[in-house]
Amino acid sequence: MDRPDTFIADRVFDGRNFRDEPLRIDIAAGRIARISPFAPGDAAAPDGAFDARGSTLLPGLIDAHCHAARVGLFEPDEAPNPAAVVKNLLTALERGVTTLGDMGCTAGMARALRALGEARVDAPAVRSSGPLLADPLGYPLDWMRPFHRRIGAAIPCGDERSARSAVERVARAGMDHVKICIMHQSYAYHPLHVFSRSVATAIVDEAHRLGLRVFAHAHFDADYRLALDAKVDALMHSAFDPLAAETVARVRDAGIAVCATLWVFQSTCLGAEERWDRDAGRTGGVTRPVVRSWRRFAEAYAASGDVLPPGIAGGLLKDRAREGVRNARANLMLLHDARVPIAYGSDGPYGFSVLGRAGDELGVMHAAGLDIETCLRAATSRGAELLGADDRGSIEPGRRADLIVVDGDPRRDLGAIDRVRAVFRGGVRVAVGAAAHARAGAAVVRGLAATLADAVRGT
Ligand SMILES: [Zn+2]
């Protein structure tokens, strides 16, 4: 059934709660039109229906923090690789991620990928920040290769004037939101330059004036405090140092969400130690360049003794990295206990955190102490709220019929979220074939061309 008018289901997670009564969900013009009980006497599904009984029906998943145009290597100097980007995007969609919240890529690429997702159901929807706004000497410009800087992956903001003009540039490029980088220490815990309070505030003020939300990359308590001073709209990443009670209270009082991205950090040590480069269950979903990067990283990790090998966190004591992950998990619970909304983000593809394996991040959130409903909300309604995509993320009348059917019961076994049986975007069943790959490849090439054209024009 490629375009069912109706879904019949006896186990539904509606984006907020589980509903166990049999339901009939009628679709019209790509949206959910009506939800009604499916009478027990009605044993047979009506004609034109998709019968999801025995499985679980959920909203399409929303990865609220990813980097849609990245290949996923550990190394900072990825060569452009359209085929790898396409495989990442389409694998994510096939595995149930119908909307990607991109948190950093070039504006040309963001426009091309978003246009593809708007034109086609066999590609994921993309909402993007475009370039990162950064302190000229701070993260990620301390680390980013000159080539990526030249093509506009990040914009330096040294004072209030350049900050406001950077936001205008992002808005003029048609981006959906603004991403600012606030990091007082590097991933290896070295002190870093960071925006002054007036520059961070100018970014948020200008973005809000132009109707854009601002999401802050933040990794330490001091980062959270500066982001809160600037009045950002959400915090990206759970902190590596223990959050002060006052900081947690400020996040709660600000009414903003946190996208924790635990897995991207936890998997760094775990994947190297468990040699996922040799694990067919893991390598099957990624491209050869990524597997080769995993191998290089795992070999370097095995040879680097007590510290992480050269790379984004090179030189950091492995024990300290593990402590940071433990703190991030504990902070997540402090925030959740303070009733801060939590959203799901993979921060992938990067290293061992790949797109379309929501069960990895949700599993570690659950292990940290979140109940399963909260984890599933994070990946559906909370992601939509964070991104301001209020037409999706829940199963209720008026919402887009972005739906997934998974085998089993995620309430008993969260791993079921990765056993996706069918994916629907706008009510249409997604089939990712050769034509979808070709179209997505053409879109990525258009994105690269637009990126280079912008770089040449200096826009
Ligand atoms: Zn990120």
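Keep in mind it's a predicted model, so treat the numbers as computed, not measured.

Bringing unusual backbone geometry into the picture now. Between Tyr139 and Pro140 the backbone carries a cis peptide bond, its omega angle lying at 0°. Looking along the chain, the bond that leaves Gly348 and enters Pro349 is cis, with omega of -5°. Looking at the element boundaries, Pro349 is found in the loop between strand E17 (342-343) and helix H12 (358-368). Located in the positive-phi region is Arg275, a residue other than glycine, with phi close to 50°. Among the structural elements, Arg275 can be located in the loop between helix H8 (263-273) and helix H9 (280-283). Residue Arg339 is not a glycine yet carries a positive backbone phi of 70°.

Turning to the sheet that holds strand E9 (residues 97-102), a few remarks are in order. Taken in spatial order, the three strands make up an open sheet running E8-E9-E10, and their pairing is parallel. One side of each edge strand has no neighbouring strand; the edge strands of this open sheet are strand E8 (61-66) and strand E10 (125-128). Strand-to-strand twist in this sheet, taken as the mean axis angle between neighbours without regard to direction, amounts to 20°. Here four bridges tie E9 to E10, and the two strands are oriented parallel to one another. Its bridge partner being in E10, Leu100 is matched across the sheet by Val126.

Summed over the entire model, instances satisfying the criterion amount to 35 salt bridges. With a closest N to O distance of 3.0 Å, Arg382 and Glu385 form a salt bridge. Here the residue Arg382 and the residue Glu385 both occupy positions in helix H14 (residues 381-387), the gap between them amounting to three residues, near one helical turn. Judged by relative accessible area, Glu385 falls into the partly exposed class, the value being 37%.

Before going further, it helps to examine helix H5 (residues 197-209). With 13 residues, H5 should cover 18 Å at 1.5 Å per step; its first-to-last C-alpha distance of 18 Å lies within 8% of that length. Among all positions of H5, only Val199, Ala200, Ala202, Ile203, Val204, Glu206 and Ala207 are buried. Along its buried surface, H5 packs onto strand E11 (132-134), helix H4 (160-172), strand E13 (177-182), strand E14 (213-218) and helix H6 (221-230). Where H5 ends, the next residue or the one after it, Gly211, has phi of about 80°, a positive value.

Surrounding the zinc ion are the protein donor atoms His65 (NE2), His67 (NE2) and Asp347 (OD), at 2.0 to 2.1 Å. Look at where the donors of the zinc ion fall in the sequence and you get H-x1-H-x279-D. Taken as a pair, His67 in the loop between E8 and helix H1 (82-94) and Asp347 in the loop between E17 and H12 lie far apart in primary sequence, 280 residues in all. Judged on exposure class, the residue His67 and its partner Asp347 are both buried.

Grouped together as the largest cluster of nonpolar side chains are 131 residues, with contacts concentrated most on Leu133, Val178, Ile180, Ile203, Val232, Leu235 and Leu362. Broken down by element, this core gets its largest block of residues, seven residues, from H1. Residue contacts for Leu133: discarding those within four places in its chain leaves Ile155, Cys157, Ala166, Val167, Val170, Val178, Lys179, Ile180, Cys181, Phe195 and Ile203. Leu23, Ile25, Ile27 and Ala52 belong to the second largest nonpolar core, which has 16 residues in total.

Time to look at the environment of Ala69. Position of Ala69 relative to the elements: it lies in the loop between E8 and H1. With a relative accessible area of 22%, Ala69 lands in the partly exposed category. Separated by 354 residues in the primary sequence, Ala69 and Val423 have C-alpha atoms spaced 22 Å apart. Contacts of Ala69, omitting those with residues within four sequence positions, involve Val85, Asp102, Cys105, Met109 and Leu113.

So, on to the packing of aromatic side chains. Enumeration over the complete set of coordinates arrives at 19 aromatic pairs. When the ring of Tyr139 is compared with that of Tyr187, the centres are 5.6 Å apart and the planes differ by 80°; the resulting orientation is edge-to-face. Note that Tyr139 is positioned in the loop between E11 and helix H3 (146-150) and Tyr187 in the loop between E13 and H5, a separation of 48 residues in sequence. A single burial state applies to Tyr139 and to Tyr187, both of which are buried. Ring centres of Trp263 and Trp276 lie 5.8 Å apart, and the angle between their planes is 20°; on these two criteria the pair is classed as stacked. Of this pair, Trp263 sits in helix H8 while Trp276 sits in the loop between H8 and H9; the two residues are 13 residues apart in sequence, bridging distant segments of the chain.

So, on to helix H15 (residues 434-457). Over its 24 residues, H15 extends 35 Å from the first C-alpha to the last, a length consistent with the 34 Å expected when each residue adds 1.5 Å. Those residues of H15 lying buried are Ala436, Ala440, Gly441, Ala443, Val444, Gly447, Thr451 and Asp454. Elements that come into contact with the buried residues of H15 comprise H1 and helix H2 (107-119).

For the pair H6 and helix H7 (residues 245-254), interaxial distance at closest approach is 10 Å and the crossing angle is 30°. Regarding H6 and H7, the two cross each other, and that crossing is left-handed. Between H6 and H7, the contacting residues are Asp221, Tyr224, Arg225, Leu228 and Asp229 on the first element and Thr247, Arg250, Val251 and Ala254 on the second. Residue classes in the contact of H6 with H7 are distributed as four nonpolar, one polar and four charged.

Before going further, it helps to spend a moment on the state of the cysteines. All chains considered together, the criterion is met by zero disulfides. A disulfide-free cysteine, Cys66 has its sulfur positioned 9.0 Å from the sulfur of Cys105, the nearest such atom. A relative accessible area of 0% places Cys66 in the buried class. Among the cysteines around Cys375, which has no disulfide bond, Cys259 carries the closest sulfur, lying 13 Å off.

Conventions we followed
- Residues numbered from 1 in each chain as written.
- Predicted model: local features only at pLDDT ≥ 70, side-chain atom pairs only at ≥ 80, totals over all residues.
- Heavy atoms only, no water.
- Helix = DSSP H or I, 4+ residues; strand = E, 2+ residues; numbered from the N terminus.
- Pairing = 2+ DSSP bridges.
- Axes fitted to C-alpha atoms, helices over the stretch in contact; angles between N-to-C directions.
- Salt bridge = Lys/Arg side-chain N within 4 Å of Asp/Glu carboxyl O.
- Buried < 20%, exposed > 50% of the residue type's maximum accessible area, 1.4 Å probe, protein only.
- Expected span 1.5 Å × (residues − 1).
- Contact = heavy atoms within 4.5 Å.
- Donors = N, O, S within 2.8 Å, 3.2 Å for Na, K, Ca; no water.
- Core = buried A, V, L, I, M, F, W, Y, C linked by side-chain atoms within 4.5 Å.
- Phe/Tyr/Trp six-rings, centres within 6.5 Å; stacked < 30°, edge-to-face > 60°.
- Left-handed = near helix turned anticlockwise from the far one by under 90°.
- Nonpolar A, V, L, I, M, F, W, Y, C, P; charged D, E, K, R; others polar.
- Disulfide = S-S within 2.5 Å.

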